[in-house]
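One letter stands for each residue in the lines below.
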Amino acid sequence: MQSTYIFLLFLFLISICANCNIARESTPIAQGLKDYADFPIGNSISIRKIIEDEKYRTMIKQNFNSITSGNDMKMYTIGREEGKYNWEKADETLAFCERNNQRIFGHTLVWHLGLPKWIQNNGKEHGADWVDEYLETYITKVVSRYKGKVAAWDVVNEAFETAGGNYRETFWYQYLGKEYIAKAFRYAHAADPEAELFYNDFNIERDTAKFLGVLKMIEELKSEGVPITGLGFQMHLRMDIPDEVIAYTLKKAGETGLKIHFSELDIIFNRHDDTKDGGEQVYKELTKEMEQAQAEKYKNLVLMYRKYIPKNQQYGITFWGCNDRDTWIKRFFGIEDWPTVFDENLNPKRAYYGFMEGLKEKIR
Ligand code: 9MR
């Protein structure tokens, strides 16, 4: 009797163990941020650094399932020489993403910054027709080369003035008027009808006039049947931008029905006036209290994204440079700062865990 009992107990224990194994095999082991999110978590990379730096490469693979090229897919990289397309870095980036099952987000087709000199000269010499023709040729070449591979494009980047609701009078604007925006979206859609097409800009979460200007442009584009499907908030945030202002904007952004991407997230402490070298070094070192406050800011931002952006519009959250060593902030504003979720040694900061909590916490 007793031996039957021991035998049954033995069978019972074996079956529990078997179930444990099944559970272990079917639940992927969490490696990083991407494993806690039900939308893509991205970062911007430099393919050179990926190749050279193993620690950085591993951290990118473990934490992110969406990749944006920081500079390697810009016009000044791909189109830097007349009559030639430099695909090398973009192709390598794509190959890296494919090997690691990461979505690739294309940044950016049309921008005013870093415009190659030869394009500017041709514009001057040949006028609007040449500019339009080049815009079409460039977009068609790039988007069709990566058709079905690049999931989404920042088609037009920063078409509005730094502050307020007016169009920026860029090279493209000077020759083609604001129509260059509609044209760019149409050319991109013709080259890859499946790709998501984004308008991307900065400070729109905090500058209501700029945000309303962008919304008006989007309404106009939609009413003309222009194939815009997404809005990118760069989200270069600062600790003193009130969460209430961000919440207001996100609610309104959700109502557009567009896919919403936080495309270049980082959060700085020090002040700046948005121009190169325009930083003011208010904080000289990162204290524990500052780190904690930054972690909470990251957490709240994720919670707001999950709360105010409808699920089918959550295109993802992408960081801009994932560590305090390589951040663009120091070079651009000429100050020391600590805007990212990894420190100078590529170790996770409190901000990393704050962001993770924002992904895990139940939404009320
Ligand atoms: O981080 C990028 C930096 O390395 C480049 O020198 C700079 C100019 O191409 O662009 C930076 O990225 C910008 C992005 O493309 C658009 N939004 C603002 C970003 C920070 O300046």
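Structural data are supplied above this passage.
Overview of the structure. (Residues numbered from 1 in each chain as written. Predicted model: local features only at pLDDT ≥ 70, side-chain atom pairs only at ≥ 80, totals over all residues. Heavy atoms only, no water.)

With that settled, consider the environment of Tyr146. Positionally, Tyr146 belongs in the loop between α7 (128-145) and β4 (150-157). Of the residues examined, Tyr146 reaches a relative accessible area of 2% and is grouped as buried. Taking the C-alpha atoms as reference points, Tyr146 and Ile104, 42 residues apart in sequence, are found 10.0 Å from one another. In this structure Tyr146 touches Met73, Trp87, Ala90, Asp91, Leu94 and Trp153, once residues within four positions along its chain are discounted. (Helix = DSSP H or I, 4+ residues; strand = E, 2+ residues; numbered from the N terminus. Buried < 20%, exposed > 50% of the residue type's maximum accessible area, 1.4 Å probe, protein only. Contact = heavy atoms within 4.5 Å.)

Further remarks concern the pairing of strand β1 (residues 41-45). Most of β1 sits inside the fold, with five of its five residues counted as buried. Here β1 shows two buried faces, one formed by Ile41, Asn43 and Ile45 and the other by Gly42 and Ser44. Pairing of β1 with strand β11 (residues 314-319) involves three bridges; the strand directions are parallel. Looking across to β11, one finds that Gly42 is bridged to Thr318. (Pairing = 2+ DSSP bridges.)

Moving on, we come to empty space enclosed by the protein. Scanning all chains against the criterion turns up one cavity of 30 Å³ or more. Estimated volume of the largest cavity: approximately 70 Å³. Lining of the largest cavity is provided by Lys74, Met75, Tyr76, Thr108, Leu109, Val110, Trp111, Leu113, Gly114, Leu115 and Pro116. For the lining of the largest cavity, the secondary-structure elements that each account for two or more residues are α4 (75-78) and β3 (103-110). The element best represented in the lining of the largest cavity is β3, accounting for three residues. Here the lining of the largest cavity is built from residues that sort into eight nonpolar, two polar and one charged. (1 Å grid on protein atoms, 1.4 Å probe; cavity = no way out; pocket = protein on both sides within 12 Å on 5 of 7 lines; lining within 4 Å. Points joined across faces, edges and corners; volume = space filled by probe spheres on them. Nonpolar A, V, L, I, M, F, W, Y, C, P; charged D, E, K, R; others polar.)

Spatial relationships are all this shows, so hold off on functional conclusions.
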